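# Secondary and tertiary structure notes
Okay, here's what each chain looks like letter by letter:
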2 protein chains.
Amino acid sequence: MTIMAFLFLFFSTLLFADTGEEVLLKQAKSIFGPLPQVMTSEKNPITPEKVKLGKILFYETRISVDGTVSCVRCHPIGLYAADGLRKSIGNNCKVNPRNAPTILNAAGQISAHWIGNRADVEDQARQSVIGPPSFGMLSYEAVEKKLREIKGYGELFRRAFPGETDPITVDNLAKAIGAFERTLVTPSRFDSFLRGDMAALNEQEKRGLKTYMEAGCIMCHFGPYLGGQTYQKSGIFETYWKYTKSEPIDEGRYVVTKNEADKYVFKVPIHRNVEKTPPYFHDGSIEKLEDAVWIMGKIQLGKDLNKTQVEEIVTFLRSLTGKIPEDVLTVPLLPSMD
Amino acid sequence: MTIMAFLFLFFSTLLFADTGEEVLLKQAKSIFGPLPQVMTSEKNPITPEKVKLGKILFYETRISVDGTVSCVRCHPIGLYAADGLRKSIGNNCKVNPRNAPTILNAAGQISAHWIGNRADVEDQARQSVIGPPSFGMLSYEAVEKKLREIKGYGELFRRAFPGETDPITVDNLAKAIGAFERTLVTPSRFDSFLRGDMAALNEQEKRGLKTYMEAGCIMCHFGPYLGGQTYQKSGIFETYWKYTKSEPIDEGRYVVTKNEADKYVFKVPIHRNVEKTPPYFHDGSIEKLEDAVWIMGKIQLGKDLNKTQVEEIVTFLRSLTGKIPEDVLTVPLLPSMD
């Protein structure tokens, strides 16, 4: 037995020995931690006026090149802000390169998009309006022109960005949408558990949490969002394509960095609301959560998780389905053209 | 002077002489009448369970052929349930033949669609799911299969249609969506006025109402919805295309009846929320409400309405913007796949 193996066994015993619920809670607290109230940003302080405008802009189709695309197109709130498609379809039926991640709890992650080619939610909003497969506008100026043509936006932008002489800009659009998205936090029973309410999870869910930690899912899926904090190669023990038959092969973060080490590397997706946002993986190739869990075990952890383990993990994952804030569940009325 | 002309003048004087607000109210009451609470149907009684299911189905994209189309696609609530496009774009970027009318207050009309080729809102919902440019599904069976694949619908359909052994049918989908749409009534200040609150409209709006009646708009735009009760030829005094340059020429209700008399005949659109639902006319060819009013005067009434008259009418029309029910302004969470 090597020293490493010995240490592993020693700490495993220490960490995962079934010494009662208090230990489980202590472990979980050290690995996850409950969600924040909102996901703050020093660069973009959240104000009610920005959030109000951002929510309206989130539904605004009239600033897309074909008049059909708003943020809601790929992030419908009723589907937990993902669209249920393998890959989203934007303006003029253009297919997006990857599956649309939910924007619920997105602002707390290290970056936006699967390959981290958007710095944050503000950057994601900013680039989406001119993204060829999303809103498809040809320039920021063209977007700003469209915004100015909708008379009601003048007052809304002035209130959200007081003191600015010409507040209708894509930069401010991005800040407003970003501020709205920073409120999209969905606490679940798991957060109550992490705060000490042992009864918030039932026995099956606690067993699932234990299996989730023991199996090693937490190597990537840690923190309040259970993921979203690191990049990781998709396919460590076996190739990703062996089980998903994805076509074409996606080079992942390599597309951004051109660094060989980033080939097939993706941002680790979060597990908040995961049961509500199929299909799974960057290419949306897997429909069932059970299949996604088993494949991850095989290719990321080198483990052939048995049926019971998979079921236990899925049971825990379902406890991460959270409450969407009431405010977010109302539809904003969009400003009139004149 | 012919007898007809004499009678017209006589009754005009009687009806429209400026004999005070009470007369205006009396005239308006006889022509319009306030909106009902809901738009009932003997064939499809409204129940809370049907409305709940109908609202969920209204947002359901997963039953369309490309997974992107729900009722909301062409009827987003935030844009007063119209989409702001000349012609709606459905599955796989297919362009619909005509402008999408708002579904607010739609159930109170004689039929659905511009050419009346849908009997009622239930029929419209039923046919939309297999409509080639809308949801694009190939058969009702295919829609029902998709509905059954979404596990959560079982319970929702059973509750909405109690006692039925196999309630997941397109017929029931249509009834549920219809029941939801029958609640989409948007009373405005005009209804308060019609109920006797003289101060509900301001002086400009009352003058506009008078002009609206005197100019003859009410020949077609009568009843609680200010339209939607009759079919009418588009272009009586001059051809429609002279002012709108529409291409190609739409034969209207003739497409349904193959009756020569129905050429260029359309259902009279309603004026409820009209300021919120540009662009105008069956082909969405006109963007400004002022232009639409002036063109209607020219081609339907043979009148060259002056700027003041147009402005007065538009001022009145804006008073028809109503309140969307609170319940309708919340987003339903859609059932999970499993």
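Residues numbered from 1 in each chain as written. Chains lettered and ligands numbered in written order. Predicted model: local features only at pLDDT ≥ 70, side-chain atom pairs only at ≥ 80, totals over all residues. Heavy atoms only, no water.

The next thing to look at is the nonpolar core. In terms of nonpolar packing, the biggest core is built from 100 residues, with Tyr153(A) and Tyr153(B) touching the most fellow members. If we skip the residues at most four places from it in the chain, Tyr153(A) touches Leu53(A), Ile56(A), Leu57(A), Glu60(A), Leu147(A), Ile168(A) and Pro335(A). (Core = buried A, V, L, I, M, F, W, Y, C linked by side-chain atoms within 4.5 Å. Buried < 20%, exposed > 50% of the residue type's maximum accessible area, 1.4 Å probe, protein only. Contact = heavy atoms within 4.5 Å.)

A few words on the interface of chain A and chain B. With 29 residues of chain A at the contact, the number on the chain B side is 30 residues. With both sides pooled, the region where chain A packs onto chain B buries about 2,400 Å², and carbon together with sulfur makes up 60% of that total. Its largest share of buried area at the contact with chain B, chain A owes to Val331(A), Leu333(A) and Asp338(A), together 22% of the area lost on that side. Counting every contact that joins chain A to chain B gives four salt bridges. With a closest N to O distance of 3.8 Å, Asp338(A) and Arg318(B) form a salt bridge. Between the two partners, chain A and chain B, sit eight residue pairs in polar contact (both at pLDDT 80 or more). (Buried area = accessible area lost by both parts, 1.4 Å probe. Salt bridge = Lys/Arg side-chain N within 4 Å of Asp/Glu carboxyl O. Polar contact = N/O pair within 3.5 Å; in protein donor to acceptor, adjacent residues only side chain to side chain.)

Let's shift gears to the relation of the copies chain A and chain B. Rotating chain A by 180° about the axis while translating it 0.0 Å along that axis superimposes it on chain B, leaving an RMSD of 0.0 Å. Read as a symmetry element, the transformation amounts to a two-fold axis. Closest approach to the rotation axis among the C-alpha atoms of chain A is made by Thr330(A), whose C-alpha sits 2.1 Å away. Most of the interface of chain A is mirrored in chain B: 100% of its interface residues are interface residues there too. (Least-squares fit on C-alpha atoms with pLDDT ≥ 70 in both.)

Turning our attention to the packing of helix α13 (residues 289-301) of chain A against helix α14 (residues 307-318) of chain A. Think of two packed helices as two axes; the pair is described by the angle between the axes and how far apart they sit. Residue and element names in this part refer to chain A. Running from N to C, α13 and α14 cross one another at 120°; their axes reach a closest spacing of 9 Å. In the crossing of α13 with α14, the sense of the turn from one axis to the other is right-handed. Contact residues: Leu289, Glu290, Val293 and Trp294 in α13; Val310, Ile313, Val314, Leu317 and Arg318 in α14. Broken down by class, the residue content of the contact of α13 with α14 amounts to seven nonpolar, no polar and two charged. (Axes fitted to C-alpha atoms, helices over the stretch in contact; angles between N-to-C directions. Helix = DSSP H or I, 4+ residues; strand = E, 2+ residues; numbered from the N terminus. Left-handed = near helix turned anticlockwise from the far one by under 90°. Nonpolar A, V, L, I, M, F, W, Y, C, P; charged D, E, K, R; others polar.)

Here we come to unusual backbone geometry. Following Pro278(A), the chain continues into Pro279(A) via a peptide bond in cis, with omega recorded as -5°. Mapped onto the elements, Pro279(A) comes out in the loop between β2 (265-267) and α13.

This paragraph deals with the side chain of Ser70(B). If you trace the backbone, Ser70(B) turns up in the loop between α3 (48-58) and α4 (71-74). When near neighbours in sequence (up to four residues on either side) are disregarded, Ser70(B) contacts Phe58(B), Tyr59(B), Glu60(B), Thr61(B) and Phe135(B).

Along the chain, Glu60(B) falls in the loop between α3 and α4. Within the structure, Glu60(B) has its side chain in polar contact with the side chain of Tyr153(B) (distance 2.6 Å).

The next thing to look at is the environment of Ile324(B). Looking at the element boundaries, Ile324(B) is found in the segment after α14 (307-318). Taking the C-alpha atoms as reference points, Ile324(B) and Phe157(B), separated by 167 residues in sequence, lie 26 Å from one another. In this structure, Ile324(B) is in contact with Leu333(A), Ile77(B), Tyr80(B), Leu104(B), Thr186(B) and Leu329(B), ignoring residues within four places of it in sequence.

Before going further, it helps to examine α13(A). All names here are of chain A. Between its terminal C-alpha atoms α13 stretches 17 Å, which fits the 18 Å expected from 13 residues at 1.5 Å a residue. Of all the positions in α13, only Leu289, Ala292, Val293, Ile295, Gly297, Lys298, Ile299, Gln300 and Leu301 are classed as buried. Looking at the buried side of α13, the elements it contacts are α10 (203-215), β1 (231-233), α11 (240-244) and α14. In the stretch just after α13, Gly302 is the one whose phi turns positive, near 65°. (Expected span 1.5 Å × (residues − 1).)

All names here are of chain A. Here helix α3 (residues 48-58) lies mainly inside the structure; eight of its 11 residues are buried. Every buried residue of α3 is accounted for by Lys50, Val51, Leu53, Gly54, Lys55, Ile56, Leu57 and Phe58. Here the buried face of α3 lies against α4 (71-74), α6 (140-149), α7 (153-160) and α8 (170-181).

Moving on, we get to the confidence of the model for chain A. A residue-level look at chain A finds 94% of positions with pLDDT of 70 or above and a mean pLDDT of 94. As a predicted assembly, this complex carries a pTM of 0.93 together with an ipTM value of 0.92. (pLDDT = per-residue confidence, 0-100.)

With that out of the way, let us pick up the packing of aromatic side chains. Residues and elements named next belong to chain A. For the coordinates displayed, the defined rule picks out 26 aromatic pairs over all chains. Look at Phe190 and Phe316: their rings are 5.2 Å apart centre to centre, the planes differ by 80°, and that puts the pair in the edge-to-face class. On the criterion of sequence distance, the pair formed by Phe190 in helix α9 (residues 189-194) and Phe316 in helix α14 is long-range, its members being 126 residues apart. Between Tyr240 and Phe281, the aromatic rings sit 5.7 Å apart at their centres with planes inclined by 70°, giving edge-to-face as the arrangement. Taken together, the positions of Tyr240 in helix α11 and Phe281 in the loop between β2 and α13 put the pair 41 residues apart, joining distant regions of the chain. A relative accessible area of 1% places Tyr240 in the buried class. Look at Phe281 and you get buried, because its relative accessible area is 11%. Looking at Arg253, its charged tip hangs above the ring of Tyr231, at a distance of 4.1 Å from the centre. (Phe/Tyr/Trp six-rings, centres within 6.5 Å; stacked < 30°, edge-to-face > 60°. Lys NZ or Arg CZ within 6 Å of the ring centre and 35° of its normal.)

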